[in-house]
Amino acid sequence: IRNRLARDHEVANFADKITNQSERALHIYNNERDDWTREVQSLTAGDDPFEEFYKQLAGIKDFHRRNANEPVENLERAYKKPENGGPAGGFAGDITSMFTGEEAFGRFFDLTMLHEDFLNLPGVKLERKVTYLHYVDIFDKFGPPELTLKKDEHKMTDAYFSYVGSLADYLESFMRRSKPLENLDAIFHGFLEEFERAWEKGEVPGWESVPKHNGSGPKTQGTGTGIWCADCEKEFKNDNVYRAHLTGKKHIKAATEREAAAADSSTSPTGAPTSLKRLRERAVAEREHRVARLAASMQTVREDTRVNVERKSGMTDKERTAEIEAFYTEDTTMTNGPSNGGGGEGGDDDEEDGEKLYNPLKLPLSWDGKPIPFWLYKLHGLGVEFSCEICGNYVYMGRRAFDKHFSEQRHVYGLKCLGITQTGLFREITGIGEAERLWEKI
């Protein structure tokens, strides 16, 4: 993964540099042709063409005399590989510092700090605390039943505005870091145009235009099974209860405030600008829309994050630390190759520096290079030998390896050498004579 990211970032940086240099050259060619024409005329208009030439040469020398220590970009070093004297991080930069350990080079989200900000939002009900695993599923849902924040009371606060902005910036940064070769500017511009069209039509979820009441509430929010009151932001299961609450003081007050806000946000016949409140609502809605679209475009990463969080919830801190170390060690080994692969002296030094393993019982080695526990050795019956004549008297240690070998290439090849084609019928048969007698009967 790290090699792929380094390659993609390097290609993206080269492409950006080529684009910038081409635009600069085109700008010079198109916008400074008049200067070039005047310079040619100045060299050819006088009696002595070298007079103007030496005058400009003197100006160049005078500039470098006054700026003797000005650094010059070393293009040769900039395009070299790190091992040949180029920049330390290569042309792609330091990939390791781009991602946190939780992100694993763009495989998972790291929403820990944003989850803390979400729990500290004013209005978030903490009777049932939202866990990190649940937050990964609902961080792009800004309406009921996932999020019960009221628009005027909670969503217009500075804390919520800062939280939604930080969430949108993180998702955008994550996509830029994990997908450097895609045309992300065009994608983000498409999200903005989509929001502009929906906002002009009043169809942004949670920020719709105020509808006129006709005795029956809209069924567009809440759980979707009841009747939603947009003024009170409350859902009713029964139509009679909804009709009765329309005459209540609380609903009348909420409807009045909502209609007043809609009147303030509407434009006047002379084309006066919208109110400051409506502009703030639009900014918050734009961030919510951006978060929802970014999350939808990275749905696979979210699913992988959920699986990773569930898996790590059953691990101890020691196991998590060992996993991270093994991940970075494996990635470094694949990137740089074996540390002492050049000769045999390095391997001898490692064996001398490393601790000598004490294994008098000749137990098999586990993934960490140490002998497995003796109880595990006995549990799997690894001390029991099973011989197979069809496999050339090969000895298998343990019942599990013996049962598995009947479907492996060695055993199948031995049966085919005896002229037996239906290998699935000869399970648990290890003798050549026994297998030939059974094949004759078949």
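Each remark here, short or long, concerns the structure printed above.
Residues numbered from 1 in each chain as written. Predicted model: local features only at pLDDT ≥ 70, side-chain atom pairs only at ≥ 80, totals over all residues. Heavy atoms only, no water.

1. Considering the packing of aromatic side chains
The description of two aromatic rings rests on the distance between their centres and on the angle between their planes.
Then, number 1: By the definition in use, this model includes 14 aromatic pairs.
Then, number 2: Centroid distance Phe426 to Trp439: 6.1 Å. Interplanar angle 45 degrees. Geometry classified as tilted. In this pair, Phe426 sits in the loop between α18 (409–417) and α19 (432–441) while Trp439 sits in helix α19, placing the two residues 13 residues apart along the sequence.
Then, number 3: Trp439 gets classed as partly exposed once you look at its relative accessible area, which sits at 27%.
Then, number 4: Every member of this aromatic cluster is reached through a ring pair, and the members are Phe109, Phe118, Tyr135, Phe139, Tyr160, Tyr163, Tyr170 and Phe174.
Then, number 5: Lying across the ring of Phe161, Arg280 places its NZ or CZ 5.0 Å from the centre.
Then, number 6: Sitting over the ring of Tyr394, Arg410 keeps its end group 4.0 Å from the ring centre. (Phe/Tyr/Trp six-rings, centres within 6.5 Å; stacked < 30°, edge-to-face > 60°. Helix = DSSP H or I, 4+ residues; strand = E, 2+ residues; numbered from the N terminus. Buried < 20%, exposed > 50% of the residue type's maximum accessible area, 1.4 Å probe, protein only. Lys NZ or Arg CZ within 6 Å of the ring centre and 35° of its normal.)

2. With respect to the state of the cysteines
Then, number 1: Tallying each qualifying case throughout the model produces zero disulfides.
Then, number 2: Unpaired in terms of disulfides, Cys388 finds its nearest cysteine sulfur in Cys391, a separation of 3.5 Å.
Then, number 3: By relative accessible area, Cys388 is classed as buried at 0%. (Disulfide = S-S within 2.5 Å.)

3. Focus: α18
Then, number 1: Those residues of α18 lying buried are His411, Val412, Gly414 and Leu415. The buried residues of α18 all sit within an arc of 160 degrees when viewed along its axis, so they share a single face. Facing away from the buried side of α18, by more than 90 degrees, are the exposed residues Gln409, Tyr413, Lys416 and Cys417.
Then, number 2: On the buried face of α18, the contacting elements are β3 (385–388). (Arc of directions from axis to C-beta. Contact = heavy atoms within 4.5 Å.)

Keep in mind these values describe shape, not function.
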